[in-house]
Amino acid sequence: MSSNSTDATTNRLGWMLDQALQMPETLYAVLLSADGLLMAHSAGIDRDDAERTAAAVSGLQSLARATGEFCRQPPEQWRQTLIEFDGGFVFLTAAGQGAYVAVSTTGRVDVEGVSSRMQELVQRLGQELTAPPRFPA
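Rules used in this analysis
Residues numbered from 1 in each chain as written. Predicted model: local features only at pLDDT ≥ 70, side-chain atom pairs only at ≥ 80, totals over all residues. Heavy atoms only, no water. Core = buried A, V, L, I, M, F, W, Y, C linked by side-chain atoms within 4.5 Å. Buried < 20%, exposed > 50% of the residue type's maximum accessible area, 1.4 Å probe, protein only. Helix = DSSP H or I, 4+ residues; strand = E, 2+ residues; numbered from the N terminus. Contact = heavy atoms within 4.5 Å. Polar contact = N/O pair within 3.5 Å; in protein donor to acceptor, adjacent residues only side chain to side chain. Pairing = 2+ DSSP bridges.

Under the annotation held in an unreviewed UniProt entry, the protein chain carries the name Regulator of Ras-like GTPase activity (Roadblock/LC7/MglB family) and is attributed to Amycolatopsis magusensis.

Okay, here's the thing in structure tokens:
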């Protein structure tokens, strides 16, 4: 089985991420599990880059949850992290039990619009974006 056909079968939710990117200045999206496993990715980002991104942003969500006490919030109440660079942003949003969506954009994006679009995506997809926690064998 070629890597393209493997990617097509494991990326069944990629089209939903593509829909979330249908606004100006958005670049890529990945759907990942809490332990950093890639569940789906948008068009335009190859699987290897998407897997590296999923692993990296998994660590970010863990750090974000750990800083909840700084705002007097329990870790489970974390909803979204926004990282700003000179030329763009990365949005990381909870997408159900043990699942997260990350979207990258240019610096000219409508930040509020992307945040709203991500929340709509999460609500619309409901159970499809929920990844159950992994348990040891």
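Moving on from the coordinates now.
1. Digging into the nonpolar core
Grouped together as the largest cluster of nonpolar side chains are 20 residues, with contacts concentrated most on Leu17, Leu31, Val101, Val103, Val114, Met118 and Leu121. For this core, the elements supplying multiple residues, two or more each, are α2 (14–20), β1 (26–33), β4 (88–94), β5 (99–106) and α4 (111–125). At four residues, α4 tops the list of elements feeding residues into this core. Counting 13 residues, the second largest nonpolar core, distinct from the first, contains Ala50, Val57, Trp78 and Tyr100.

2. Quick look at unusual backbone geometry
With a phi angle near 75 degrees, Glu25 is a residue other than glycine that sits in the positive phi range. Even without being glycine, Arg72 reaches a positive phi, approximately 60 degrees. Relative to the helices and strands, Arg72 is located in the loop between α3 (47–66) and β3 (80–85). The exposed category is assigned to Arg72, whose relative accessible area is 77%.

3. Structural notes on the environment of Val114
Relative to the helices and strands, Val114 is located in helix α4. With a relative accessible area of 2%, Val114 lands in the buried category. Those residues within four positions of Val114 in sequence are excluded, and the remaining contacts are Met23, Thr26, Phe91, Val103, Thr105 and Val109.

4. Some details on the side chain of Thr93
Examined against the element boundaries, Thr93 turns out to sit in strand β4. Looking at Thr93, the relative accessible area reads 1%, which means it is buried. Of note is the side chain of Thr93, whose polar atom sits 3.0 Å from the side chain of Gln80. Leave out the neighbours within four places in its chain, and Thr93 touches Trp78, Arg79, Gln80, Ala99, Tyr100, Val101, Met118, Gln119 and Val122.

5. With respect to the environment of Gln97
Mapped onto the secondary structure, Gln97 falls in the loop between β4 and β5. For Gln97 and Ala34, which are 63 residues apart along the polypeptide, the C-alpha to C-alpha distance reads 8.7 Å.

6. Concerning the side chain of Ser58
Among the secondary structure elements, Ser58 is positioned in helix α3. A relative accessible area of 8% places Ser58 in the buried class. Looking at Ser58, its side chain comes within polar contact range of the main-chain oxygen of Ala34, at 2.6 Å. Other than its neighbours up to four places away in sequence, Ser58 contacts Leu32, Ser33, Ala34, Asp35 and Gly36.

7. Here's the deal with the pairing of strand β2 (residues 38–41)
Bridge count for β1 against β2 is three bridges, and the pairing is antiparallel. Its bridge partner lying in β2, Leu31 is registered against Ala40. The hairpin turn running from β1 into β2, its antiparallel successor, is four residues long, and Gly36 in that turn takes a positive phi close to 90 degrees.

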